[in-house]
Amino acid sequence: MLASRRITSLRPTLTRAMATATNGAGQTGATQGQQGEQQQQQQRRLGPLTPKEKEVLDPMIRVDQSGEVGAYYIYMGQMAVLGRDKKLRPILQEMWDQEKHHLERFDQLVGDMRVRPSLLRPLWEVAGFAVGAGTALMGKEAAMACTEAVETVIGNHYDDQLRTIVKMIDANPDLEELGKTVAQFRDEELEHHDIAIEHDAHQAPFHGVLKSVIMQGCKAAIYVAERV
């Protein structure tokens, strides 16, 4: 709950920061049409980065790609178990499709920015599927509790990254598009968090313990992926 409140409280602050840094060139809470325009803009390649910028951004992009790999396979695991639920399938499919887009974007950024990917990608794939399928086997409420936990950690992590990027934009305006990417993906991850709450995540057996264990696992994975 504390993490959720932290995410909510940061939304207006970071929106104002991005608006100031970009001289009013669009807000993070974009409409559907604005999101389409942002996605086109995001295809631009970043210009050359300084060694200091590379030092900051390389682990950031590496861990984001790893996180999106894990999230993609979590939803794959959930779909494998719960995909026959006619009410739940469209919800899971929509979130899974968004994670696919996130992963494609970070795969592109890894190439464009010449970032070394995590050497543990196969582990993130297997672990993600296992967590998704394992919690789904416990019931749809447990699957939603898994989503709640994962998206809480990812949302907080994207918030921290966005603070860093905003501080770097004045020196390198090319990073504006990266900031927009992180802000947009953060908002979509928070939507997943809210959807999980709406679909009875808190009704999962041993909800507090389950959420805490998954969150700690996500934080450990972030620490490792930044370095390996």
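Residues numbered from 1 in each chain as written. Predicted model: local features only at pLDDT ≥ 70, side-chain atom pairs only at ≥ 80, totals over all residues. Heavy atoms only, no water.

Visitor: Sorry, what's going on with the pattern of salt bridges here?
Guide: As a working rule, side chains carrying opposite charge can pair if their charged atoms are close by. Using the criterion set out here, one finds ten salt bridges in the structure. Put simply, lysine 211 and glutamate 148 hold a salt bridge, and the shortest N to O gap is 3.0 Å. In this pair, lysine 211 sits in helix α8 (residues 207-227) while glutamate 148 sits in helix α6 (residues 140-169), placing the two residues 63 residues apart along the sequence. When sorted by exposure, lysine 211 lands in the same class as glutamate 148, which is buried. The partner of arginine 186 in a salt bridge is aspartate 159, and the shortest N-O contact between them spans 3.0 Å. (Salt bridge = Lys/Arg side-chain N within 4 Å of Asp/Glu carboxyl O. Helix = DSSP H or I, 4+ residues; strand = E, 2+ residues; numbered from the N terminus. Buried < 20%, exposed > 50% of the residue type's maximum accessible area, 1.4 Å probe, protein only.)

Visitor: I keep staring at the UniProt feature "binding site: Fe cation 1" (unreviewed entry) in the chain and nothing clicks. Help me out?
Guide: Under the UniProt annotation, "binding site: Fe cation 1" (unreviewed entry) lies at Glu68, Glu99, His102 and Glu189. Their sequence span is 122 residues, while the largest C-alpha to C-alpha distance among them is just 10.4 Å; these annotated residues converge on one region. Assignment of secondary structure puts glutamate 68 in helix α3 (residues 51-82). Not counting chain neighbours up to four residues away, the residues in contact with glutamate 68 comprise Glu99, His102, Leu103, Phe106, Tyr158 and Glu189. The class for glutamate 189 is buried, based on a relative accessible area of 0%. Excluding residues within four positions of it along the chain, glutamate 189 makes contact with Glu68, Glu99, His102, Glu151, Ile154 and Tyr158. (UniProt positions renumbered as here; feature names shortened; annotations may be inferred. Contact = heavy atoms within 4.5 Å.)

Visitor: Any chance you could explain the nonpolar core here in plain terms?
Guide: Most often, soluble globular proteins have nonpolar side chains that are buried together. Counting residues in each nonpolar core, the largest one holds 53 residues, and the members touching the most others are Ile61, Leu92 and Leu178. Contributing elements (two or more residues each) for this core: α3, α4 (89-112), α5 (121-137), α6, α7 (176-198) and α8. With near-sequence residues (within four places) excluded, leucine 92 lies in contact with Tyr75, Gln78, Met79, Leu82 and Met144. (Core = buried A, V, L, I, M, F, W, Y, C linked by side-chain atoms within 4.5 Å.)

Visitor: Would you mind going over the UniProt feature "binding site: Fe cation 2" (unreviewed entry) in the chain with me for this structure?
Guide: As recorded in UniProt, the sites labelled "binding site: Fe cation 2" (unreviewed entry) are Glu99, Glu151, Glu189 and His192. A compact arrangement is adopted by the annotated residues: their sequence extent is 94 residues, whereas the largest C-alpha distance between any two is 11.3 Å. Within the secondary structure, glutamate 99 is located in helix α4. The buried category is assigned to glutamate 99, whose relative accessible area is 0%. In contact with glutamate 99, not counting residues within four places along its chain, are Glu68, Ala71, Tyr72, Tyr75, Glu151, Glu189 and His192. With relative accessibility at 1%, the residue histidine 192 sits in the buried group.

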